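Here's the letter readout for the chains.
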Amino acid sequence: MLGNFSYCNPTKLYFGEDSLQYLNAELPKYGKNVVLIYGGGSIKKNGIYDDVVAYLEAAGKNVAEIPGVMPNPTLDKLYEGIKIARAHKADFLLAVGGGSVCDYAKALAVSVHCKEDPWDKYYLRFEEPDCEILPVGCVLTMVGTGSEMNAGAVITNTAARLKIGHVFADESIMPRFSILNPKFTMTLPHYQMVAGIYDIFSHICEQYFSGDDDNTSDYISEALLRSLIHSSRIANKDPQDYEARSNIMWTATWALNTLISRGKSTDWMVHMLGQAVGACTDATHGMTLAAVSLPYYRYIMPYGLHRFKRFAVNVWGIDPAGKTDEETALEGLKAMEAWMRELGLAMDISVLGANEDMLEQLADATRLLPGGYKALTRDEVIRIFKESLA
Ligand code: NZQ
Ligand code: ZN
């Protein structure tokens, strides 16, 4: 393990089909005024809302609600939530939903007592909070983002057509606890389930495709990828398979809770490209990543050939005997493509609403990072988006 790093993840997890009852243990730890945050209504249809409200009532909480947090939560919605949380003198934020709801709760947690505009401070200047941070708890209903055990919060500024994620350094922004009940994810539409699976896959790849040293994080990543591919094939055929869905849920959490990025420079360019597509089309996060991944990986493969070969052999089981490194690496990407098609993922950005006329706009919305093996230029970004069109 090269370099110096610290590791601390204070989120307490409660996992399994009986895990909601642990609200009884957690709720008394926080103040009386709770803001319950949720999305567009799935939790009312599947009954999770009623169960959570019963726990809040039993704990004697004074509850205000922020309903209607949309996928890819917006800055306007954040401003609306700040007013509600301030008026309620919120002591605690309880997020019940997917990554959008959990991210939103964390963004709200650092904004309620913030004296400046949170967009400017956290998303343009990338500063850390210097105000009181409200504690957040999560009840997760959609698997993919890892938001349940990290300090990331992605917000979309629709007016500026920017979708920006801030991964806060302060661990007190990570949820204090998260309840992971695989059964809660069973009502997800197939499209959202596979989008979430690809999001997990991408999170692992974003960390794996960087560095040349021998690093334990890469071995953990390969194991997580193999488990995910195995379980995703089962869940794709039978979404009600509890064993597969529970493995996917646990893998998602470990894919992006800072463990496998230790000692790694990391990449994150697939997310930068995908977030640009998200900002311009409002498409589902995991699908935006799927649609740009192969053009991006085929483009950078020569710069990180040794790692792409290792990915082919250790993750996809490609036999390297008698092949050049390039042939082996390409076979790995072909196996990945076949798996993506099997799941029914978006394979181009055209199906998500992007077109040739949007190329400049997409490039404007793409944040350029150093990348894992190659720093992209704006021209290369445009080229990859072009390749990603149908
Ligand atoms: O709003 P409701 O009605 O709840 O419906 C949601 C939403 O339409 C639905 N859903 C969730 N749980 C359900 C359900 N439908 C039926 N049954 C259930 N049990 O699913 C839809 C998508 O939900 P959403 O929360 O938007 O999905 P996801 O978890 O993929 O979150 C996406 C957001 O997270 C950000 C993304 O950019 C995007 O804004 N990310 C956050 C990250 C982080 N914190 O580290 C990292 C990720 O890379 C990602 O960028
Ligand atoms: Zn993601």
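Since this is a predicted model, take the numbers as computed values, not measurements.

Caption draft 1: Seen up close, the pattern of salt bridges. Evaluated as defined, the whole model comprises 19 salt bridges. Across the pair Arg-310 and Glu-222 runs a salt bridge, and its minimum N-O distance is 2.6 Å. Here Arg-310 is found in helix H12 (residues 305-314), whereas its partner Glu-222 is found in helix H8 (residues 216-237), with 88 residues between them in sequence. Pair check on accessibility: Arg-310 and Glu-222 agree, each one buried. Two residues, Arg-341 and Glu-337, come together in a salt bridge whose shortest N-O distance is 2.9 Å.

Caption draft 2: Spatial organisation of the site of ligand 1. In the vicinity of ligand 1, 31 residues are found, and the nearest of them are Gly-40, Ser-42, Gly-99, Ser-100 and Asp-103. Those elements that place two or more of their residues in the shell around ligand 1 are helix H5 (99-109), strand S6 (152-157), helix H7 (190-208) and helix H10 (269-281). Shared between two domains, the shell around ligand 1 holds at least three residues of each, these being domain 1 (12-184) and domain 2 (190-388).

Caption draft 3: A look at the sheet that holds strand S1 (residues 12-15). One open sheet holds the six strands; their spatial order is S1-S8-S5-S4-S2-S3, and the pairing between them is parallel. Each edge of the open sheet carries a strand with a single partner, namely S1 and strand S3 (62-66). Along the sheet, successive strands turn relative to each other by an average axial angle of 20°, direction set aside. Pairing of strand S4 (residues 92-97) with strand S5 (residues 136-140), which is carried by five bridges, proceeds in the parallel orientation. Bridge pairing in S5 links Leu-93 to Val-136. With respect to the sheet, helix H4 (residues 75-87) is in contact with strand S2 (33-38) and S3, its orientation differing from that of S3 by roughly 165°. Contacts from helix H9 (residues 242-255) reach S1, S5 and strand S8 (177-180), with the element oriented near 175° to S1.

Caption draft 4: Focus on the domain arrangement of the chain. Annotation of the chain at the domain level lists domain 1 (12-184) and domain 2 (190-388). Distance from the C-alpha centre of domain 1 to the C-alpha centre of domain 2: 27 Å. At the junction of the two partners, domain 1 supplies 26 residues and domain 2 supplies 25 residues. Ranking the residues of domain 1 by area buried against domain 2 places Val-143, Arg-161 and Lys-163 at the top, with a combined share of 27%. The interface formed by domain 1 and domain 2 holds seven residue pairs in polar contact (both at pLDDT 80 or more) in total. Of all the elements in the fold, those that place two or more residues in the side of domain 1 that touches domain 2 are S1 and strand S7 (162-167). It is S7 that contributes the most residues to the side of domain 1 that touches domain 2, four residues altogether. Residues that form the side of domain 1 that touches domain 2 fall into these classes: 13 nonpolar, eight polar and five charged.

What counts and what doesn't
- Residues numbered from 1 in each chain as written.
- Chains lettered and ligands numbered in written order.
- Predicted model: local features only at pLDDT ≥ 70, side-chain atom pairs only at ≥ 80, totals over all residues.
- Heavy atoms only, no water.
- Salt bridge = Lys/Arg side-chain N within 4 Å of Asp/Glu carboxyl O.
- Helix = DSSP H or I, 4+ residues; strand = E, 2+ residues; numbered from the N terminus.
- Buried < 20%, exposed > 50% of the residue type's maximum accessible area, 1.4 Å probe, protein only.
- Near = heavy atom within 4 Å.
- Domains from an automatic or database assignment.
- Pairing = 2+ DSSP bridges.
- Axes fitted to C-alpha atoms, helices over the stretch in contact; angles between N-to-C directions.
- Contact = heavy atoms within 4.5 Å.
- Buried area = accessible area lost by both parts, 1.4 Å probe.
- Polar contact = N/O pair within 3.5 Å; in protein donor to acceptor, adjacent residues only side chain to side chain.
- Nonpolar A, V, L, I, M, F, W, Y, C, P; charged D, E, K, R; others polar.

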